Amino acid sequence: MLALRRPRSRLSAVETTTPTARKTALNAVHRQMGAKMVDFNGWDMPVEYPASMGCGIINEHMAVRTGVGIFDVSHMGDIRLAGPQALAAVQHISMNDASRLAIGQAQYSALLYPQGTFVDDVIVHRLGEDEYLLVINAGTREKDFTWVRDNTREFDCAVENLSDDFTQIAIQGPKAVDLLQKMTDVDLSTVKFYWVTRGNIVLSNKSMRRYLGNTLIARTGYTAEDGFEIYVPSDEPTSAWVWNRILEVGKEFGVVPCGLGARNTLRLEGKLPLYGHEISDTINVWEAGLDRFCKMEKPEFIGRAALEKAKAKGVKRTLVGLEMVERGIARDGYKVLDNSGLEIGYVTSGSPAPFLKKNIALAYVPPEVVDVGTALKVEIRGQGVAAQVVSTPFYKRPKKT
């Protein structure tokens, strides 16, 4: 069995790929709070907050699973397409079927190269009759905008990069709805998961009361929990006021600020892909197991023809979940071995899972070894450590009773 070749260039979950870090409007707030800062895909971002505040990666992770946590996700990008042919443009550049979206609805999708590999994964929001917003990843902002602009020139629609126009704050966890409801006049019970609305965010303290009108409120997130992402003006005073008021209002719910460390472990438990790890320009949709979001019945989209050919040939690698049987943590890039010690794949993401209290990983392996229960090994410090294939996602949000 041949070893699967690792992608030639993969981004670390907490390391930068560019020398000069950019800052969100909340950067000073994070530093004042004592957050540990790291360079993430060119952005100076908090990886965790001090243990003295009841934080740290494990506590932040558990707060989101059991209560509520907030994240600064302003490093994410936003691209607006608007005009008579906005839908046609979105359909051409993305693999999901945006024609199914009602106004106010969102969907997970991806932008693909002609060879069927990933430019990026995105969330497509339909904001109006002929208006769509694509939320893109931080490390691929400029590349994505250039790609979208260049591939929609034939359509009658405007393409705008709004990435620096908003401070985006994610409020995540089972108590997120209770917290945010205290700060908005929108009836959040009417907003379903993966829907978006607009409304007032109410900010008040002892001396002042302020309304942020027409605020975009999306019931989306990257934690495998219920939650919201709000888009507020990106000036530093407004951004800081909103962040601090969320923490103040959320005290009764035990809210904690959360950094990239918890964001990564949360998304891993939920098997949510990260660009440069589970998806990249060398990995196609079938390999990544994202075919349920790829609507091949659409008459045309970039990458469709290549995907048809790739499906006919069959995949040579598949993304699976691994659970460590023996003591050890499977880290990004570690080799996956069969029981004879032969290298057959590689780990894309791996870490301890705080809520599950297990060491888990995602890995690309040949299709012959994807059955749940298959015994494999991960090479850790030169030794093969026992692991097994398990069903994914590792964590599923409990259904409301």
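Coordinates for the structure precede this section.
Below: a short report on this structure.

About the cut-offs
- Residues numbered from 1 in each chain as written.
- Predicted model: local features only at pLDDT ≥ 70, side-chain atom pairs only at ≥ 80, totals over all residues.
- Heavy atoms only, no water.
- Helix = DSSP H or I, 4+ residues; strand = E, 2+ residues; numbered from the N terminus.
- Rg over C-alpha atoms; globule rule 2.2 N^0.38 Å.
- Buried < 20%, exposed > 50% of the residue type's maximum accessible area, 1.4 Å probe, protein only.
- Contact = heavy atoms within 4.5 Å.
- Pairing = 2+ DSSP bridges.
- Axes fitted to C-alpha atoms, helices over the stretch in contact; angles between N-to-C directions.
- Salt bridge = Lys/Arg side-chain N within 4 Å of Asp/Glu carboxyl O.
- Core = buried A, V, L, I, M, F, W, Y, C linked by side-chain atoms within 4.5 Å.
- Polar contact = N/O pair within 3.5 Å; in protein donor to acceptor, adjacent residues only side chain to side chain.
- Phe/Tyr/Trp six-rings, centres within 6.5 Å; stacked < 30°, edge-to-face > 60°.
- Lys NZ or Arg CZ within 6 Å of the ring centre and 35° of its normal.
- Parallel < 35°, antiparallel > 145°, perpendicular 65-115°, else oblique.
- Left-handed = near helix turned anticlockwise from the far one by under 90°.

Time to look at the overall build of the chain. Scanning the chain from terminus to terminus reveals 9 helices and 19 strands. The globule rule puts the C-alpha radius of gyration for 401 residues at 21 Å, and the 21 Å found for the chain is close to it. Here the C-alpha coordinates of the chain stretch approximately 70 × 55 × 50 Å along the principal axes. In the chain, buried positions account for 58% of the 401 residues. At a minimum sequence separation of 6, the contacts of the chain that also span at least 24 residues come to 66%.

A word on the sheet that holds strand β13 (residues 256-258). Read across the open sheet, the 6 strands follow the order β10-β11-β12-β9-β3-β13; overall the sheet is mixed. If you trace the sheet from one side to the other, it starts and ends with β10 (196-204) and β13, each paired once. Averaged over neighbouring strand pairs, the angle between their axes works out to 30° when direction is ignored.

Attention now moves to the pattern of salt bridges. Within the structure shown, the criterion is met by 21 salt bridges. For Arg 22, the salt bridge identified is with Asp 164, shortest N-O distance 3.4 Å. With Arg 22 in the segment before α1 (27-32) and Asp 164 in the loop between β8 (158-161) and β9 (166-172), this residue pair connects regions lying 142 residues apart in the sequence. Relative accessible area serves as the criterion here: at 32%, Arg 22 is assigned to the partly exposed category. A relative accessible area of 48% means that Asp 164 is categorised as partly exposed. A salt bridge links Lys 358 to Glu 323; the nearest nitrogen and oxygen atoms lie 3.5 Å apart. A residue pair is termed long-range when its members are at least 10 positions apart, and Lys 358 in strand β17 (residues 358-365) and Glu 323 in strand β14 (residues 318-324) qualify at 35 residues. The network of salt bridges with common partners includes Arg 22, Arg 141, Glu 142 and Asp 164.

This part is about the nonpolar core. Core analysis: the largest hydrophobic core is formed by 82 residues, its most contacted members being Phe 118, Ile 169, Ile 171, Ile 230, Trp 243, Ile 246 and Val 285. When residues of this core are assigned to their parent elements, the largest contribution, 7 residues, is made by helix α6 (residues 236-249). The residues contacting Trp 243, other than those within four sequence positions of it, are Leu 26, Val 29, His 30, Met 33, Tyr 49, Ile 70, Phe 71, Asp 72, Ile 169 and Pro 257. With 22 residues, the next largest nonpolar core counts Leu 111, Val 122, Ile 136 and Phe 145 among its residues.

The 5 strands are arranged β5-β6-β7-β4-β8 in an open sheet whose pairing can be described as antiparallel. One side of each edge strand has no neighbouring strand; the edge strands of this open sheet are β5 (106-112) and β8. Ignoring which end each strand starts from, the neighbouring axes of this sheet average 25° apart. Judged from the 4 bridges that link them, strand β4 (residues 77-82) and β8 form a sheet pairing that is antiparallel. Looking at the pairing, Leu 81 lines up with Val 159 of β8. Sitting on the sheet, helix α3 (residues 86-93) is in contact with β4, β5, β6 (118-128) and β7 (131-136), with an inclination near 130° to β4.

Moving on: the side chain of Arg 126. In this fold, Arg 126 is placed in strand β6. In terms of polar contacts, Arg 126 uses its side chain to reach the backbone carbonyl oxygen of Glu 129, at 3.2 Å. Those residues in contact with Arg 126 that lie beyond four places of it in its chain are Leu 101, Ala 102, Ile 103, Gly 104, Gln 105, Glu 131, Tyr 132 and Val 196.

With that settled, the discussion passes to the packing of aromatic side chains. Across all of its chains, the model carries 5 aromatic pairs by this definition. Seen from their ring centres, Phe 355 and Tyr 395 are 5.4 Å apart, and the 80° between their planes marks the pair as edge-to-face. You can see Phe 355 sitting in the loop between β16 (343-353) and β17 and its partner Tyr 395 sitting in the segment after β19 (383-390), a full 40 residues away along the chain. Taking NZ or CZ as reference, Arg 65 lies 3.9 Å from the ring centre of Tyr 395, over its face. Directly above the ring of Tyr 364 sits Arg 317, whose terminal nitrogen or CZ lies 5.4 Å from the centroid.

Before going further, it helps to spend a moment on the packing of helix α2 (residues 57-66) against helix α7 (residues 260-269). With their axes 8 Å apart at the nearest point, α2 and α7 run at an angle of 50° to one another. With respect to α7, the axis of α2 lies oblique. In this structure, α2 crosses over α7, and the sense of that crossing is right-handed. Of the residues in α7, those in contact with Ile 57, Glu 60, His 61, Val 64 and Arg 65 of α2 are Gly 261, Ala 262, Thr 265, Leu 266 and Glu 269.

On to the side chain of Thr 348, then. Structurally, Thr 348 can be placed in strand β16. Under the relative-accessibility criterion, Thr 348 is labelled buried at 0%. Of the polar contacts made by the side chain of Thr 348, one reaches the side chain of Glu 278; its length is 2.6 Å.

As for its position among the elements, Trp 241 is in helix α6. Residue classification places Trp 241 among the buried positions, given a relative accessible area of 15%. Along the chain, Trp 241 and Val 347 lie 106 residues apart, while their C-alpha atoms are 41 Å from each other.

Here β14 runs beside β19; their pairing, made up of 4 bridges, is antiparallel. Bridging across to β19, Leu 322 finds its partner in Val 389. As paired elements, strand β18 (residues 375-380) and β19 share 6 bridges and run antiparallel to each other. If you follow Ala 375 over to β19, its bridge partner there is Gln 388. Between β18 and β19, which follow one another and run antiparallel, lie 2 residues, and Arg 381 among them has a positive phi close to 50°.

Bear in mind that shape data such as this cannot, by itself, settle questions of function.
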